[in-house]
Amino acid sequence: PGFNTAVLDDLINQIQKLKQNKQAIQKAATKATTKCQKCPVLKWDNLLSLPTWGHTFLYHGQKVSLSSLKDTARKKGPQGQWLDDKAAAAFLEKLRPSLQAGGKQVKQPLPPELVGKARVVRADGTTPDATHFIAVPSPKGGYTTAYPSL
């Protein structure tokens with residue numbers, strides 16, 4: 001009985017294809033790892049972290065003055081303000097995994113734990129309690145912004 005070289009050649013071809021697939025997978029994994037290393041580290045406990053919160057608390061936080069929000073409301077329309085940054089941050093951190101990265105903004109009713117802890121500042125200075133919030137997820141896992149609304 002002679003040795004079947006066609007079968008051997010077929011096995012060699014299959015092995016070469018497997019090696020090429022392995023190399024392609026390794027290359028893709030390396031690229032993904034490198035890309036991930038460039039992503040910002042999200043700091044949910046730092047309310048001033050721009051990669052995490054965007055301008056959520058810088059422009060809509062409890063420390064922003066009423067006069068500043070009224071001025072902005074005159075130029076841009078009603079402005080939402082969180083009255084308890086820590087409570088808002090705790091809720092938004094839990095919400096974030098359910099939002100698509102870099103997806104569209106979402107508007108939802110305020111959860112019970114934030115009712116009475118958020119308001120909207122109008123140009124005339126009136127400040128009704130917020131009933132909803134708008135969240136804009138960033139492509140890198142945090143928020144571009146999140147603020148109370150009516």
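Quick caveat, the model's predicted, so the values are computed rather than measured. (Residues numbered from 1 in each chain as written. Predicted model: local features only at pLDDT ≥ 70, side-chain atom pairs only at ≥ 80, totals over all residues. Heavy atoms only, no water.)

What follows concerns the packing of aromatic side chains. Two measures describe an aromatic ring pair: the distance that separates the ring centres and the angle between the ring planes. Counting across every chain of the model gives five aromatic pairs. An angle of 80 degrees between the planes, with centres 5.1 Å apart, marks the rings of W44 and W53 as edge-to-face. An identical accessibility class is assigned to W44 and W53; each is buried. Judged by centre distance (6.4 Å) and plane angle (85 degrees), the rings of W44 and Y143 are edge-to-face. Remark: Y143 occurs in strand β5 (residues 143–149) and W44 occurs in the loop between α1 (5–37) and α2 (50–53); sequence separation between them is 99 residues. Just above the ring of Y143 sits the side chain of R96; from NZ or CZ to the centre is 5.8 Å. (Phe/Tyr/Trp six-rings, centres within 6.5 Å; stacked < 30°, edge-to-face > 60°. Buried < 20%, exposed > 50% of the residue type's maximum accessible area, 1.4 Å probe, protein only. Helix = DSSP H or I, 4+ residues; strand = E, 2+ residues; numbered from the N terminus. Lys NZ or Arg CZ within 6 Å of the ring centre and 35° of its normal.)

Turning our attention to helix α5 (residues 85–95). All of the buried residues along α5 are D85, A87, A88, A89, F91, L92 and L95. The inward-facing, buried residues of α5 abut α2, α3 (56–60), β1 (79–82), β2 (106–109), β4 (132–137) and β5. (Contact = heavy atoms within 4.5 Å.)

What follows covers the layout of surface pockets. Of the volumes computed, that of the largest pocket is approximately 220 Å³. Every element with two or more residues in the lining of the largest pocket is listed here: α3, α4 (66–76) and β1. With four residues, α4 is the single largest residue contributor to the lining of the largest pocket. Put simply, the second largest pocket is a space of about 190 Å³. Lining the second largest pocket are L47, L48, F57, L58, G61, Q62, K63, D85 and K86. A per-class count over the lining of the second largest pocket returns four nonpolar, two polar and three charged. (1 Å grid on protein atoms, 1.4 Å probe; cavity = no way out; pocket = protein on both sides within 12 Å on 5 of 7 lines; lining within 4 Å. Points joined across faces, edges and corners; volume = space filled by probe spheres on them. Nonpolar A, V, L, I, M, F, W, Y, C, P; charged D, E, K, R; others polar.)

A contiguous nonpolar surface patch, about 430 Å² in accessible area, is contributed by L48, L50, L58 and Y59. As for its placement among the helices and strands, Y59 is situated in helix α3. In this structure Y59 comes out as exposed when scored by relative accessible area, which is 53%. (Patch = residues over 30% accessible without salt bridge, like charges linked within 9 Å, V, L, I, M, F, W, Y side chains within 5 Å. Areas by Shrake-Rupley, 256 points an atom, 1.4 Å probe, with all protein chains shown as cover. Salt bridge = Lys/Arg side-chain N within 4 Å of Asp/Glu carboxyl O.)

Let us look at the pairing of β1. The side chains of a regular strand alternate, residue by residue, between the two faces of the sheet. Neither face of β1 is exposed, since Q79 and Q81 on one face and G80 and W82 on the opposite face are all buried. Looking at chain direction, β1 and strand β3 (residues 118–121) are connected through four bridges and run antiparallel. Looking across to β3, one finds that G80 is bridged to V120. (Pairing = 2+ DSSP bridges.)

Turning to its location among the elements, K70 is positioned in helix α4. For K70, a relative accessible area of 26% gives the class partly exposed. Setting aside residues up to four positions removed in sequence, K70 forms contacts with V121, R122, A123 and G125.

Confidence along the protein averages 86 in pLDDT terms, with 87% of residues attaining 70 or more. Low pLDDT (under 50) marks residues 32–38, which in the prediction has zero contacts with non-local residues, meaning those over four places away or in another chain. (pLDDT = per-residue confidence, 0-100.)

Residues W82, L92, F133 and Y143 are the most contacted members of the largest nonpolar core, which totals 20 residues. Sorting the residues of this core by element identifies α5, β3, β4 and β5 as the ones contributing at least two each. It is α5 that provides the largest number of residues to this core, a total of six residues. (Core = buried A, V, L, I, M, F, W, Y, C linked by side-chain atoms within 4.5 Å.)

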